[in-house]
Protein chains: 4
Amino acid sequence: MIVQLHLDSPPAVELTPEESTLIKKLEGLQCRVTPVTTQRTRYLVLDTPKDLDIRKIGHLEGVRDVHRVTAPYKLVSREWRVAPSSVDLGDGVSFEEGALTLAAGPCSIEDEDQIDQVIEHLQSVGVSLMRGGVYKPRTSPYSFRGVGLEGLRMWHEKAQAAGIKIITEVLATEQIEALHDYVDMFQVGARNAQNFTLLAELGKVDKPVLLKRGMSTTLDEFLHAAEYVFSSGNEKLVLCERGIRTFERAYRNTLDINAVPALKERTHLPVIVDPSHAIGVRRWVPAVALAAVAAGCDGLILEVAPVPERAFSDGQQTLNFEESKRLIEKIRKLREVIEP
Amino acid sequence: MIVQLHLDSPPAVELTPEESTLIKKLEGLQCRVTPVTTQRTRYLVLDTPKDLDIRKIGHLEGVRDVHRVTAPYKLVSREWRVAPSSVDLGDGVSFEEGALTLAAGPCSIEDEDQIDQVIEHLQSVGVSLMRGGVYKPRTSPYSFRGVGLEGLRMWHEKAQAAGIKIITEVLATEQIEALHDYVDMFQVGARNAQNFTLLAELGKVDKPVLLKRGMSTTLDEFLHAAEYVFSSGNEKLVLCERGIRTFERAYRNTLDINAVPALKERTHLPVIVDPSHAIGVRRWVPAVALAAVAAGCDGLILEVAPVPERAFSDGQQTLNFEESKRLIEKIRKLREVIEP
Amino acid sequence: MIVQLHLDSPPAVELTPEESTLIKKLEGLQCRVTPVTTQRTRYLVLDTPKDLDIRKIGHLEGVRDVHRVTAPYKLVSREWRVAPSSVDLGDGVSFEEGALTLAAGPCSIEDEDQIDQVIEHLQSVGVSLMRGGVYKPRTSPYSFRGVGLEGLRMWHEKAQAAGIKIITEVLATEQIEALHDYVDMFQVGARNAQNFTLLAELGKVDKPVLLKRGMSTTLDEFLHAAEYVFSSGNEKLVLCERGIRTFERAYRNTLDINAVPALKERTHLPVIVDPSHAIGVRRWVPAVALAAVAAGCDGLILEVAPVPERAFSDGQQTLNFEESKRLIEKIRKLREVIEP
Amino acid sequence: MIVQLHLDSPPAVELTPEESTLIKKLEGLQCRVTPVTTQRTRYLVLDTPKDLDIRKIGHLEGVRDVHRVTAPYKLVSREWRVAPSSVDLGDGVSFEEGALTLAAGPCSIEDEDQIDQVIEHLQSVGVSLMRGGVYKPRTSPYSFRGVGLEGLRMWHEKAQAAGIKIITEVLATEQIEALHDYVDMFQVGARNAQNFTLLAELGKVDKPVLLKRGMSTTLDEFLHAAEYVFSSGNEKLVLCERGIRTFERAYRNTLDINAVPALKERTHLPVIVDPSHAIGVRRWVPAVALAAVAAGCDGLILEVAPVPERAFSDGQQTLNFEESKRLIEKIRKLREVIEP
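Definitions and cut-offs
- Residues numbered from 1 in each chain as written.
- Chains lettered and ligands numbered in written order.
- Predicted model: local features only at pLDDT ≥ 70, side-chain atom pairs only at ≥ 80, totals over all residues.
- Heavy atoms only, no water.
- Contact = heavy atoms within 4.5 Å.
- Buried area = accessible area lost by both parts, 1.4 Å probe.
- Salt bridge = Lys/Arg side-chain N within 4 Å of Asp/Glu carboxyl O.
- Polar contact = N/O pair within 3.5 Å; in protein donor to acceptor, adjacent residues only side chain to side chain.
- Nonpolar A, V, L, I, M, F, W, Y, C, P; charged D, E, K, R; others polar.
- Least-squares fit on C-alpha atoms with pLDDT ≥ 70 in both.
- Helix = DSSP H or I, 4+ residues; strand = E, 2+ residues; numbered from the N terminus.
- Pairing = 2+ DSSP bridges.
- Axes fitted to C-alpha atoms, helices over the stretch in contact; angles between N-to-C directions.
- pLDDT = per-residue confidence, 0-100.

Contact with chain D, which involves five residues of that partner, is made by five residues of chain B. Taking both sides of the interface into account, the surface hidden between chain D and chain B amounts to around 390 Å²; carbon and sulfur atoms contribute 57%. Its largest share of buried area at the contact with chain B, chain D owes to R245(D), F247(D) and R249(D), together 93% of the area lost on that side. The tally of links between chain D and chain B comes to zero salt bridges. For the pair chain D and chain B, the number of links is two residue pairs in polar contact (both at pLDDT 80 or more). Classifying every residue of the side of chain D that touches chain B by side-chain character gives one nonpolar, one polar and three charged.

Structure representation (structure tokens):
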């Protein structure tokens, strides 16, 4: 159960005496109460006895609204918040139902020239969000691990000048502070999908978070991971399906297209798809990107680079500018006939 | 390697003296030769030494064409036959690239009334191929197992009168003969995807076959299964992706949307999708049906029934007529903007 | 629910008037009744209303015993028959709890010399059951498909002379009759694990059946498959875990060792393990064979051949005689310290 | 390729002039060189041209030994170090081939009384390594998350007094320093199996690390994860198979018993098994624990608690003392007949 409180202003971090009194009353009704303070407001998440009459709670002082949520995740559930949430990055860039927000860019940020070319391409196709890795999680410790903070600063400056927002992966809590001022959205990668320490820490950050599904994370676990961030304070969350691990090895991963309608039904958060990782083969990316749009996702994140054949990482699944342009045109044409 | 022979007329089942001579010459070049006689023509499938000069074969008498095929499956491979194959059911109903052929109908055929209603619905939405089970493979021996041959005869008569073709699952070689005159297309179900005896027997049949992918069949194994039917004589084959088994249990199966572009690249055979089994939840079927079309499949097979809530089997994934109509309209709108 | 009838002699195939009366009374209690006639006796399998008082059934005339079985499979369930079943092949060869029955032999039967050598080896290590394929299910139609019936006859003759029982795979119902007189036990392979027509047909056979788990068959589905055979008349069933398909490709399959205690708890049927297919790498077979014994299985089926490097199929997972001998010695030593 | 250097004393962190000269020469031979400095010595890991004559390297000054390693992971590979590594925790507790090291204890450390009882039990069965969580990675943010540092300190004091070593999970790099003085071995859990930041940080720690396989980590990825820790400086590593995620849901995970012989062949590091998580059902734990020993693992880590039914977490897979005692006796009996 979720209790929304009567709050006129953002909540003080400490509980007020009124709130403490309310919690005691709820505990008197045999509820286990977890106060959740987000950057927006305060909620009380309750574990209630099965036969509790919900009206008893609704009538308590300080309570604005009460919602019964049967799912084990609470605040990210659509049982609670029926209207879709939108996640705003500023300057008109946002994820929301009905829009189809595109992010594109290279797997790894490499150098100034690469950045310039990608920015120019994004402007030419009307995409305002650029992806790129500066710290790369690599299976082998001997692989290229990213240009790091210095590269990020340069990228950020150029992107900002061009009116483009940027999103990059954060690998560890220690990196959050250093990255903070240079990113518009933090990405949590598949390998950290259940790194609960990192998730909780991102709950304290005032920037949006893109949460990728883990390689073998169920939808339930995925939504629980989102609950970690949300219940730690950050409501600006976007979920991303990026392929799961199955017995089939004809592709890098298996895009779980079923997850799109299933997640959209269960959560009010925007749901996007990463077709590049989900299939891992460049010439097949457009087919599954279009499929994801047809299935009703709220956005896509695409790997695009000037010369994929020479990219430091993941070139085999990266589109060149010509392919990217053709795909984006098709996506927009398709979008017109799919009402959300 | 595949050798196509100079044949003016359909091949005699016995090898001609010229063919025998050719085979001996090929064996002299260290090739292992498997003669394949389909209802259309004769091929020689060769397992050749690595360094064989292909021109040596091309110059032999009786050889029309030679193709190097590196894939382990041969006759279904697109390395051999680059142009897409079409599969004709007669009276203008066919599967072919560029068309989008729809089949729809109940999981199980139940009674006259159900058949009449479905046929009327199909006519109203312009669908000319009706699916339905008369012998049902059921996990439990205590479940409903289908109306059998008598039901099929009635169904066939009504469908024929309405100008509708029918497709039904064949469970065993013993059934082929009895079913033969009353079906327009045989279906091999997921559980028989590697029942090689059944596959080989269907190679001798003069009606098209729809081959469903097994629950944990790789694309390679799927194409090998098709090779069984093809190399046993029947070239009229359509492949159907219907969801694979993964760790995720939020849905009945996981639609492997990646398989659509990957199969279309590897084989010249038409590739269709069964969204009903692939997700198993009625309200999510439209999303993944549209996704399959956007990904470039050549057709769909949908579960549709008058009152899904009362269906003998699989009602939870079956659309009612209103839902079916709405979906088919959307599919056609979508199809217009997706060029094949 | 299962009702056992008072029967002094094997059941007539037709229901007796007393049985028909009993069934009518049960139907009067809102039970759905499926009469099951095995080669041993007759049972009534009931689908009962939830609140039915079991004593009402117990008191009916002709009823010897009533068992409530909550599992969806019934006659193979240990809820019904608590004592372990043993499966007798004659001449002292049997599968039963507390014994550890070994079967060994080549993947494919090849020629007289191979058979002689394997028989001699089996005698030297005290193994009385020989495995071997004469009809091979092969992924590719161009692979070796077995020596067929003639080879089987020769093998059978030699084995019988040596006091060795034989087990071979049956691929299709059409083969059952031809194979019948030359085998001591039929094997159903992983690819036919849900070939319900074949399973039902084997229920009518008076020889034991070894049922292999399918590559992606759940334990529930596996037990349902066994229920098909049992409820079609044949109680002489042995289950075999042989590895499942997972994301891991470092081995051919993944031995599901968990299945051993889980199956032993759920069914009264003997449970054995095929370590050769389950790992698929010869030098690792002994480790997992010993693991299976330690986990409490009732037997093993091993691939053993004179010169595995020259075997027609599966040589990479086949032990030579020296390896087989060493492993069998270890198995027996291990068995002594593991009480069943 | 791995080059071992002539070093009489532990390496200075900075490269010596001789080492820098050597590296330049290697680069002159077109090798990419990664110097690896562990707490024990220094290695050079080389990415070499395919046709490089290994003797050219062997003759360079300062080179003690050169090993060609074809695996993509290098320092953990058995191609390089053929002899098994042992990992010493001090006071006679160690993991090594031929011994069978047992660790046991509750999922979560709860209170003083629980600790006392477990320690007494471990002493009575001769186990010197106690496991227990003080920071718990939980799927839901609303679940119990551990007693934290204070609980750890108390536990450490009691264990040390009893001559028992302790192992606990570390969830994040920020925790390493705080935990350091109170643990004898750090554990990395399945959800952090590819948290490369954490792995690299544990490479700098002077205490042994137990690395659990991730739920869907391949053996290759698992060994790469170990390479992260090793190449960051810490050679004291133990690998733990704990069940993988498959389609089967009859148990919590599927113990991948195949991994035991496969890992033992590929790496010189000790390999142990966690049967409690690998099956997740208390009454089935003994069967798979014995299987793991029979398969040749170097140790086990077991969940044991005074009253599993009342445990804060994972009680359903935890043995009580009586069950633990019986199992450990069987394990030891079994171990005697299995030579390593």
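Additional details are given in the paragraphs that follow.
Attention now moves to the relation of the copies chain A and chain B. With an RMSD of 0.0 Å, the operation that places chain A on chain B is a rotation of 180 degrees combined with a shift of 0.0 Å along the axis. Both chain copies can therefore be described as sitting about a two-fold axis. Distance from the rotation axis, computed per C-alpha, reaches its smallest value in chain A at A291(A): 2.0 Å. The overlap is high: 100% of the interface residues of chain A also sit at the interface in chain B, so the same surface is used on both sides.

In this complex, chain A contributes 40 residues to the contact, which on the side of chain B involves 40 residues. Summing both sides of the interface, chain A and chain B together bury roughly 3,100 Å²; the carbon and sulfur share of this comes to 64%. Ranking the residues of chain A by area buried against chain B places F247(A), N258(A) and W284(A) at the top, with a combined share of 20%. Between chain A and chain B we count four salt bridges in total.

This part takes up the relation of the copies chain D and chain B. For the pair chain D and chain B, the best superposition has an RMSD of 0.0 Å and corresponds to a rotation of 180 degrees with a translation of 0.0 Å parallel to the axis. Comparing interface residues between copies, 100% of those in chain D also sit at the interface in chain B, which points to an isologous, same-surface contact.

Take the pattern of salt bridges next. Two side chains with opposite charge may pair up if their charged atoms get near one another. Tallied over the entire structure, the rule returns 100 salt bridges over all chains. Between K165(B) and D91(B) there is a salt bridge, with the nearest N and O atoms lying 2.7 Å from each other. With K165(B) in strand β9 (residues 165–169) and D91(B) in the loop between β5 (87–90) and β6 (93–95), the pair connects residues that are 74 residues apart, well separated along the chain. Several salt bridges share partner residues, and in doing so they unite R78(A), E97(A), K264(A) and D298(A) into one network.

Residues and elements named next belong to chain B. Taken in spatial order, the four strands of this open sheet run β2-β3-β1-β4, and their pairing is antiparallel. The sheet is open, and its two edges are formed by β2 (32–37) and β4 (63–67), each paired on a single side. Going from strand to strand, the sheet's axes swing by 25 degrees on average, the running direction of each strand aside. Of the pairings in the sheet, the one linking strand β1 (residues 2–5) to β4 comprises four bridges and is antiparallel in character. Along β4, the bridge assignment pairs I2 with H67. Set on the sheet, helix α1 (residues 17–28) makes contact with β1, β2, β3 (42–47) and β4; between it and β3 the angle comes to about 15 degrees.

Take the confidence of the model for chain A next. For chain A, per-residue confidence averages 94 on the pLDDT scale, and residues scoring 70 or more make up 99% of the total. Predicted complex, confidence summary: ipTM 0.95, pTM 0.95.

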